[in-house]
Amino acid sequence: MLWEDSVKRKSKEWLHIVAELMEICAIRSGVDCPDTIKTMLESKQARLEKIIAYCKEKKYTHCVSYLENAREDMFTALENRLQGKTTSSVERLFRTVNMRVNVSKWSTEGALNVTKVRLAYYYNGFDA
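Residue indices follow the written sequence of each chain, beginning from 1 at its first position. With pLDDT at 70 or above as the cut-off, local features in this predicted model cover only qualifying residues; side-chain atom pairs require 80 or more to be listed or tallied, and sums for whole chains, interfaces and linings still use all residues. As a convention, hydrogens and water are excluded, and side-chain values are obtained from all of the structure's heavy atoms.

### A closer look at the side chain of lysine 44
Now for step 1: Helix and strand assignments come from DSSP, with helices taken as H or I runs of at least 4 residues and strands as E runs of at least 2, each series counted from the N terminus. Here lysine 44 is to be found in helix H2 (residues 34-57).
Now for step 2: The classification of residues rests on relative accessible area computed with a 1.4 Å probe and restricted to protein chains. Under 20% of the type maximum is buried, over 50% is exposed, and intermediate values are partly exposed. Positive: Lys, Arg. Negative: Asp, Glu. His and the chain ends are not part of the count. Each salt bridge in this description consists of a side-chain nitrogen of Lys or Arg and a carboxyl oxygen of Asp or Glu lying within 4 Å of one another. As a buried residue without a salt bridge, lysine 44 has its nearest oppositely charged side chain in glutamate 23, at a separation of 6.6 Å.
Now for step 3: Throughout this description, a polar contact denotes any pair of N or O atoms lying within 3.5 Å of each other; where both atoms belong to protein, one of them has to be capable of donating a hydrogen while the other can accept it, and for residues adjacent in sequence the pair is counted only when both atoms sit in side chains. In terms of polar contacts, lysine 44 uses its side chain to reach the backbone carbonyl oxygen of alanine 26, at 2.5 Å.

### Digging into the nonpolar core
Now for step 1: Judged by nonpolar contacts, the single largest core of 20 residues is most densely connected at Ile17, Leu21, Leu48, Ile51, Cys55 and Leu67.
Now for step 2: When contributions to this core are tallied by element, the ones reaching two or more residues are helix H1 (12-25), H2 and helix H3 (61-70).
Now for step 3: No other element matches the eight residues that H2 contributes to this core.
Now for step 4: In what follows, residue pairs with any heavy atoms lying within 4.5 Å of each other are defined as contacts. In contact with cysteine 55, other than residues within four places in its own chain, are Ile17, Tyr60, Cys63, Val64 and Leu67. Nonpolar cores were defined as sets of buried Ala, Val, Leu, Ile, Met, Phe, Trp, Tyr and Cys residues, with membership established by side-chain atoms within 4.5 Å.

### Some remarks on a nonpolar patch on the surface
Now for step 1: The grouping of Tyr121, Tyr122 and Tyr123 at the surface amounts to a nonpolar patch, some 340 Å² of accessible area in total.
Now for step 2: Secondary-structure assignment places tyrosine 121 in helix H6 (residues 108-124).
Now for step 3: We classify tyrosine 121 as partly exposed; its relative accessible area is 38%. Every patch collects residues that have over 30% relative accessible area and no salt bridge, joining them within 9 Å if they carry like charges and within 5 Å if they are nonpolar side chains (Val, Leu, Ile, Met, Phe, Trp, Tyr). Exposure was quantified through the Shrake-Rupley algorithm and a 1.4 Å probe, taking into account, for residues, occlusion by the shown protein chains and nothing else.

### A short note on the pattern of salt bridges
Now for step 1: Within this structure, the stated rule accounts for six salt bridges.
Now for step 2: For arginine 71, the salt bridge goes to glutamate 49, with nearest N and O atoms at 3.0 Å. Taken together, the positions of arginine 71 in the loop between H3 and helix H4 (76-79) and glutamate 49 in helix H2 put the pair 22 residues apart, joining distant regions of the chain.
Now for step 3: Assessed through its relative accessible area of 37%, glutamate 49 is described here as partly exposed.
Now for step 4: Assessed through its relative accessible area of 27%, arginine 71 is described here as partly exposed.
Now for step 5: Each of Glu49, Lys56, Glu68 and Arg71 takes part in salt bridges that share partners, so that together they form one network.

### Focus on unusual backbone geometry
Now for step 1: In this structure, serine 6 takes a positive phi of about 60° despite not being glycine.
Now for step 2: Looking at where serine 6 falls in the secondary structure, it is placed in the segment before H1.
Now for step 3: In this model, lysine 59 sits at a positive phi of 65°, which is unusual for a non-glycine residue.
Now for step 4: Locating lysine 59 in the fold gives a position in the loop between H2 and H3.

This is the structure in structure tokens:
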């Protein structure tokens, strides 16, 4: 999105935004205290609001839109203490298919067919 807003790569603004977002998105492993997680979430959300305000001030409309759309789901893994797991059925599907292609040596066509059937089931209620 920075590119879409014509922010030059490695410029002062680019470095500030990217560094902040990397810090905001970083999740420390081994944190299981609910109070600590709550405080971490509050801190990360406040920092996210600041970076959105900074982007608004600089008129980086694409960045603002992207970050505002991502805001609601950005900390789901931390809130639910997933520790590297996913809440998305589609992500779990792709992880499994990728493993089977790499380990079991499924063909690309076979993996594609399985993926189509599973996605049809998830999104359309289609059952084979």
